[in-house]
Amino acid sequence: MASTSMSRQRKRPVYSDSDSDSDNEPLAMRGPLMRAKRKSSNLSGSDSGSESDQPLSSKAKPKANGILKAVVPNGSSASKPSIKKPKKDAAPLPTKEKLSKKIKKEKSSAVPTPVAVKSESIGRSRVKKERGAPSPPTKIAGNASRLIDRKPLIKAESSLAASSQNGSEFSEMEEDEYKWWLENKDNDGPKWQSLEHSGVLFPPDYEPHGVPLIYKKSSVKLAPPVEEVATFFAAILGTDHAVNKVFQKNFFDDFKEILDQHMPGHPIMEFKHCDFTHIRAHLDEQSSKRKAMTKQEKETAKRLKMAVEDKYSFCMLDGRREKVGNFRIEPPGLFRGRGAHPKTGKLKQRVMPEQVTINIGKDAKIPDPPPGHRWGQVCHDNTVTWLAMWKENINGNTKYVFLAAGSSLKGQSDMRKFDKARSLVLHIDAIREQYTKDLKSPDMAECQRATAMYLIDRFALRAGNEKSDDEADTVGCCSLRCEHIKLEPPNIVHFDFLGKDSIRYERTTEVDRLVWKNLRSFQKGKNKSPSDMLFDRLTTASLNKHLQTLMPGLTAKVFRTFNASYVFQKQLANTPANGTEAEKILAYNRANRDVAVLCNHQRSVSKGFQGQMTRIEDKLLAVRYQRMLLKKYLLEISPKLAKKRPDLSEREPGVTPKWIKAYLLATCELDRDKLKKKFERDNEKLQEAGEPLIPELKLKEQIAEINAREKAINDGTYEPEPPVAKTATTDKVLEKIDKLAERIKNIEVDKIEKDENKTTALSTSKLNYIDPRISIVWCKKYNVPIERIFNKTLREKFTWALEADKDWVF
DNA sequence: TTTACCACTTAGAAATTGCGCA
DNA sequence: TGCGCAATTTCTAAGTGGTAAA
């Protein structure tokens, strides 16, 4: 909304095709997999899977050998001399002229004049003051208003203290929305003026269960602190961690230490003789008990939990109630490092109040530490946003308690992030021109920097800070080693390395020929071995320092946000304007998926995936079969329709005689089971009521009917009944057929989406990289309710973007 | 200039909740 | 009404990038 960049002249980046086969768009997203999946789609509409209909003006076509070929924006090969100039108006971004109009419009709304802002949450209006002035006291109903309207806001008898005395008063206050985005909030300077909160919530003390560890087939009763650690291991049995040798070793080293300390003279010497299964059985039993609780018991437990957490859930920031994020101190457990983390399995110790620093307003009441304890430190630092912090014992990292994602502080920072990425639109042409020039630089540092910038810009690579030996061996752009790329002339690069969270980045693509030559020279440099740094004259710090000279505030990570949002906006142009809501959402999710592929956001395939796909397939065929029966019946009662509606004579794909037989037989099996269950249930009820039971003969009769049906199916004499009342008119049958058609379409969309999302996680890009205003504007344009694409959490996180004008572009 | 530290964002997995279907 | 699956939420590890200290 009130973007800082709006007053400047905005221009669309020009995607030029240089002689050095430069293709100025992120390429990484154009994987062969994606194309193949698209091709498998049999849906109509603009995103039908036809290559020519594909969204990217610059598409990668998998070559016969599976190599991804980089192509220029118009779709032709970048490496071929016959490159067509990209049509500058083809991109979804508006023209310069339109933009300047838009800017004028935005300019006028960028500086918010005092306006009456309607509070959506409670339907009241209030008048916002001019920006820069302090926020007005928030008007809040009932007791709460007493707490908030007071001036000065926080005194010895603080609002929070008052609220915490009577439980949830504080958090039940009626909320009045504070539209911080209508103010021009300064990034520098203090983050808050006053801050009240209730501190942090500690995990409960350990309660021993007394289940022994089995060592060399003998029971060993463990001392409670030892039992606790053994129970941590029992809890991870069945996961990959439990069989990871490093995890086992690290765990056992720490376990042994606890054993030596609390049970001197214990017999436990080797991990391989430890049997945690009894403890695990106990945990499973506990879990089953929890699951078996009645609805009411569950509700009571939930209410009790909420009552305890209530006071920690909210804080008062500058007199406004804000949600706290992770107010819980992390419980002790085993460190689950990702990938090949050398410390995985080590014991994460219990955090004591004495280790915790509380950050709170000077005038606020300091929350009470748990009885018998004191806080490590209390500070009043308003230049930071955290409410509490402590150091964990595994890596010595600091853990912070921050406000929730939907809070004003996080929202402001988010909006700034996207505005910054958006302002890169204005600089990207010059930046690309500059680094393309620098690719030829005789200065090695400059040449490496330009090459790295190309990779960061085109493949959305992370910066790649250096890491120490006691972390997993993962890399980003600047920390790539020679072994992470393989070069194939004239310009093909195979990337294969582990990125953040040890997620594999594996991609084969064409690059600019100069980039390829540079990479070869960096790789084959003097005495370089595979484990040497590819960019040995480059650091993230030096790269970012250079980026700052190109655009204020520009760092390597801004390219990821910029490219993600830009690609997303562009791909959304493939939304079928006249499609159904499901088809529009499919197009939306596909654009989202393109971004996720670009950013390499992966997820592991869930265990039951194949089974789920088979079930969807079965469901689809079953509905098709129903439609087939209806069509057949309709032509029997109205043979004249055959000419008018040739579709009624069309075969249902996949519904073969073999499938029909198997399906009908499976139905018999299912029906028998159902009958038996119903019979038992009914009789149980009758017995409870003291009424006469249904005789078993009745059940046997019904089962005999099913058996006869089964025999007829096997004999090939079975004639299925049409799934419609015999009295139904032709119109009624037609109506039913149309309904089934819609159902089939929906199942097909589900199936395609499920398959396409198998290994790609869409949520990360949606949450962190795609400017939410693009989605909101899309919803307005295509008349899709925002709830269909943003869940409650996302809507809360992106409240600042909800009012984006329908003409807004990234 | 390098290193350590700090504050924050980004990330996938796991846990929990909700919902549709038989 | 219960079950299975999907969606959502929670959890916390693992990044980035700025700055102060060595």
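Computed from a prediction, not measured in an experiment: that's the story for all the values here.

Procedures and definitions
- The numbering scheme is per chain: residues are counted from 1 as the chain's sequence reads.
- Here chains are named by letter from A upward and ligands by number from 1 upward, in the order in which they appear as written.
- The predicted nature of this model means local features are confined to residues of pLDDT at least 70 and side-chain atom pairs, given and counted, to a pLDDT of 80 or more, with totals for whole chains, interfaces and linings taken over all residues.
- Computation of side-chain values: all heavy atoms of the structure, hydrogens and water removed.
- Summary of the metric used: pLDDT quantifies the predictor's per-residue confidence within the range 0 to 100.
- The contact criterion used throughout is that any non-hydrogen atoms of two residues lie within 4.5 Å.
- Proximity is defined per residue: any heavy atom of the residue falling within 4 Å of a molecule or strand makes that residue near it.
- Side-chain atoms alone can form a polar contact between residues adjacent in sequence; in general such a contact is a pair of N or O atoms within 3.5 Å, and within protein one must be able to donate a hydrogen while the other accepts it.
- The way it works is that DSSP assigns letters per residue, a run of H or I at least four long becomes a helix, a run of E at least two long becomes a strand, and they are numbered from the N terminus.
- Charged means Asp, Glu, Lys or Arg here, nonpolar means Ala, Val, Leu, Ile, Met, Phe, Trp, Tyr, Cys or Pro, and polar covers whatever is left, Gly included.
- At least two DSSP bridges between two strands are needed for those strands to be called paired.
- Every axis corresponds to a line fitted to the C-alpha atoms, with the helix fit spanning only the stretch in contact, and the corresponding angles, defined between N-to-C directions, vary from 0 to 180 degrees.
- Here, the term nonpolar core denotes a set of buried Ala, Val, Leu, Ile, Met, Phe, Trp, Tyr and Cys residues that are joined through side-chain atoms within 4.5 Å.
- Type-normalised accessible area, obtained with a 1.4 Å probe on protein chains alone, sets the label of each residue: buried when under 20%, exposed when over 50%, and partly exposed for intermediate values.
- These descriptions rest on fixed angle ranges, namely under 35 degrees for roughly parallel, over 145 for roughly antiparallel, 65 to 115 for roughly perpendicular, and the rest for oblique.
- Rotating anticlockwise by less than a right angle from the far helix to the near helix defines a left-handed crossing, while the corresponding clockwise rotation defines a right-handed one.

### Observations regarding the confidence of the model for chain A
Low pLDDT means the predicted atomic positions in that stretch should not be read closely.
Next, step 1: Averaged over every residue, the pLDDT of chain A is 79; the share at 70 or more is 78%.
Next, step 2: The model gives residues 1–24 a pLDDT under 50, and that stretch makes 99 contacts with residues more than four places away or in other chains.
Next, step 3: Contacts from residues 27–159, a stretch scored under 50 in pLDDT, to residues over four places away or in other chains number 297 contacts.

### A few points about the protein's contact with DNA strand C
Next, step 1: Neighbouring residues of DNA strand C: 29 residues in total, closest Arg338, Lys399, Lys467, Arg615 and Thr793.
Next, step 2: One nitrogen or oxygen atom from the main chain of Ala463 is found 3.4 Å from a phosphate oxygen belonging to DNA strand C.
Next, step 3: Note that a phosphate oxygen of DNA strand C is positioned 2.8 Å from one of the side-chain N or O atoms of Thr474.
Next, step 4: At the level of elements, helix H12 (540–550), helix H13 (556–571) and helix H15 (609–637) are the ones that each hand at least two residues to the surface near DNA strand C.
Next, step 5: Residues that form the surface near DNA strand C fall into these classes: four nonpolar, twelve polar and 13 charged.

### Description of the sheet that holds strand E9 (residues 314–317)
Next, step 1: Reading across the sheet, the three strands line up as E5-E9-E10 and stay open at both edges, with antiparallel pairing between neighbours. Among the strands making up the open sheet, the edge pair consists of strand E5 (195–196) and strand E10 (320–323).
Next, step 2: Of the strand pairs in this sheet, E9 and E10 are connected by four bridges, and their pairing is antiparallel. Across the sheet, Met316 pairs through a bridge with Arg321, a residue of E10.
Next, step 3: Lying on the sheet, helix H8 (residues 295–313) is in contact with E9 and E10; it crosses E9 at an angle near 15°.

### A look at the nonpolar core
Next, step 1: Membership of the largest hydrophobic core comes to 81 residues, with the highest contact counts inside it found for Leu424, Leu455, Leu461, Leu519 and Phe535.
Next, step 2: Counting only elements with at least two residues in this core, the list comes to helix H9 (408–438), helix H10 (444–459), strand E18 (492–498), helix H11 (513–523), H12, H13, helix H14 (581–598) and helix H21 (772–782).
Next, step 3: Ignoring sequence-local partners within four residues, the contact set of Phe535 consists of Gln448, Thr451, Ala452, Leu455, Cys477, Cys478, Leu480, Leu519 and Phe522.
Next, step 4: One finds Val211, Ala230, Phe233 and Ala234 within the second-largest nonpolar core, a separate group that totals 28 residues.

### Let's talk about the packing of H14 against H21
Next, step 1: Contact pair H14 / H21: the axes reach a minimum separation of 12 Å and the direction vectors enclose 155°. As far as their axial angle goes, H21 and H14 are roughly antiparallel. Handedness of the H14/H21 crossing: right-handed. Where H14 approaches H21, its residues Lys584, Ile585 and Tyr588 are matched on the opposing element by Ser775, Trp778 and Tyr782.

### Description of the sheet that holds strand E19 (residues 504–510)
Whenever strands of a sheet pair, they do so through backbone hydrogen bonds, lying parallel or antiparallel.
Next, step 1: The strand order across the open sheet built from three strands is E17-E18-E19, with neighbouring strands paired in antiparallel fashion. Of all the strands in the sheet, just strand E17 (485–488) and E19 have a single pairing partner and so form its edges. Going across the sheet, the axis of each strand differs from the next one's by a mean of 10°, ignoring polarity.
Next, step 2: Pairing analysis gives seven bridges linking E18 to E19, with the strands arranged antiparallel. For Phe497, the partnering residue across the bridge sits in E19 and is Tyr505.
Next, step 3: Lying on the sheet, H11 is in contact with E17 and E18; it crosses E17 at an angle near 125°.

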